[in-house]
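Structure assessment
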Amino acid sequence: MPEVLVAGAWGLLAGGALVVGALVGFLVRVPRKVLAGVMAFGSGVLLSAVSFELIAEAHEQGGLWPTALGAGVGAAVYTGANVLLARRGARHRKRSGDQQPSESDQSGSGTAIALGALLDGIPESMVIGTSLLGGGAVSVVTVVAVFISNVPEGLSSAAGMHNAGRSRTYVFGLWTGIAVVSALAAMFGYAVLGGAPPELLAGITALAGGAILAMITDTMIPEAFEYAHLLIGLITVAGFLAAFALSHA
């Protein structure tokens, strides 16, 4: 199978976790403390992946300045886009309670939520694609980290969408579409960045890391903290160490 299709398959696998989470979140009433704990664990896993698989790799490829510049730009771009989407009703797109507005509460919020989901997922998938460059194997830690974090993201967000009165067609259409876009983003990362110089590739890898780190602190940690604040630190560290151990296995 061509490597670009392999990249797409890995991206689809990671993005498909959103559909799995949405299915559970829409059909099963998961206790919020359980959901918050899973979200905290997923945050720890992603934090580990950002630290050891993205930022560390970017530094090894291109040095300090491309890494720092890329991470800063990634965080700034994510934050700027997130601010715009928040004003349209997507601020709480990953919250499981009644924070999400319905379409009658705020017109256009559904579109904003969909765009916000794209904003969250594309950097992760591009990194999966770039990890295959140079004939190497896919970064298992990155795929596992994205998969584990996507399940509670999809679960929490779908529960919030359900509470806001959005239909099954909207919820599953959205997350299925995001899974497909994840595959395309992974293919893009592999196909377009294959000939990039090490410094540029390092900057792009760090850019994705900065965007993911901003996403974790803006959308995942708040949900975890609100309902499991007494244990969030312990659970997050457990996720961090699990991913760290996997990266060194």
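Above this text sits the structure in question.
Let me begin by describing the structure that accompanies this report. (Residues numbered from 1 in each chain as written. Predicted model: local features only at pLDDT ≥ 70, side-chain atom pairs only at ≥ 80, totals over all residues. Heavy atoms only, no water.)

With that settled, the discussion passes to the nonpolar core. Counting 20 residues, the largest nonpolar core has Leu46, Ile212, Met215, Ile216 and Met220 as the members making the most contacts within it. Put simply, the parts of the chain that give this core at least two residues each are α2 (32–62), α7 (198–228) and α8 (232–247). When residues of this core are assigned to their parent elements, the largest contribution, eight residues, is made by α7. Once residues within four sequence positions are removed from consideration, Leu46 is found in contact with Glu124, Ala145, Val146, Ser149, Glu153, Ile212, Met215, Ile216 and Met220. (Core = buried A, V, L, I, M, F, W, Y, C linked by side-chain atoms within 4.5 Å. Buried < 20%, exposed > 50% of the residue type's maximum accessible area, 1.4 Å probe, protein only. Helix = DSSP H or I, 4+ residues; strand = E, 2+ residues; numbered from the N terminus. Contact = heavy atoms within 4.5 Å.)

One pass over the structure, following the stated rule, counts three cavities of 30 Å³ or more. Volume-wise, the second largest cavity comes out at about 40 Å³. Taken together, Leu46, Ala49, Val50, Leu54, Glu124, Val127, Thr142, Ala145, Val146 and Ile212 make up the lining of the second largest cavity. Top contributing element to the lining of the second largest cavity by residue count: α2, with four residues. Looking at the lining of the second largest cavity residue by residue, the classes come out as eight nonpolar, one polar and one charged. (1 Å grid on protein atoms, 1.4 Å probe; cavity = no way out; pocket = protein on both sides within 12 Å on 5 of 7 lines; lining within 4 Å. Points joined across faces, edges and corners; volume = space filled by probe spheres on them. Nonpolar A, V, L, I, M, F, W, Y, C, P; charged D, E, K, R; others polar.)

For α2, built from 31 residues, the straight-helix expectation of 45 Å at 1.5 Å per residue is met to within 8% by its first-to-last C-alpha distance of 42 Å. Where α2 terminates, the next one or two residues include Gly63, which has phi positive at roughly 95°. (Expected span 1.5 Å × (residues − 1).)

The subject of this paragraph is the layout of surface pockets. Quantified by volume, the largest pocket comes out at close to 250 Å³. Residue lining of the largest pocket: 13 residues in total, with Gly25, Val28, Arg29, Val30 and Ala159 positioned closest to the centre. Ranked by residues supplied to the lining of the largest pocket, first place goes to helix α5 (residues 140–163) with four residues. Tallied by class, residues from the lining of the largest pocket come to seven nonpolar, four polar and two charged.

So far we have only geometry, and geometry alone does not tell us how the molecule works.
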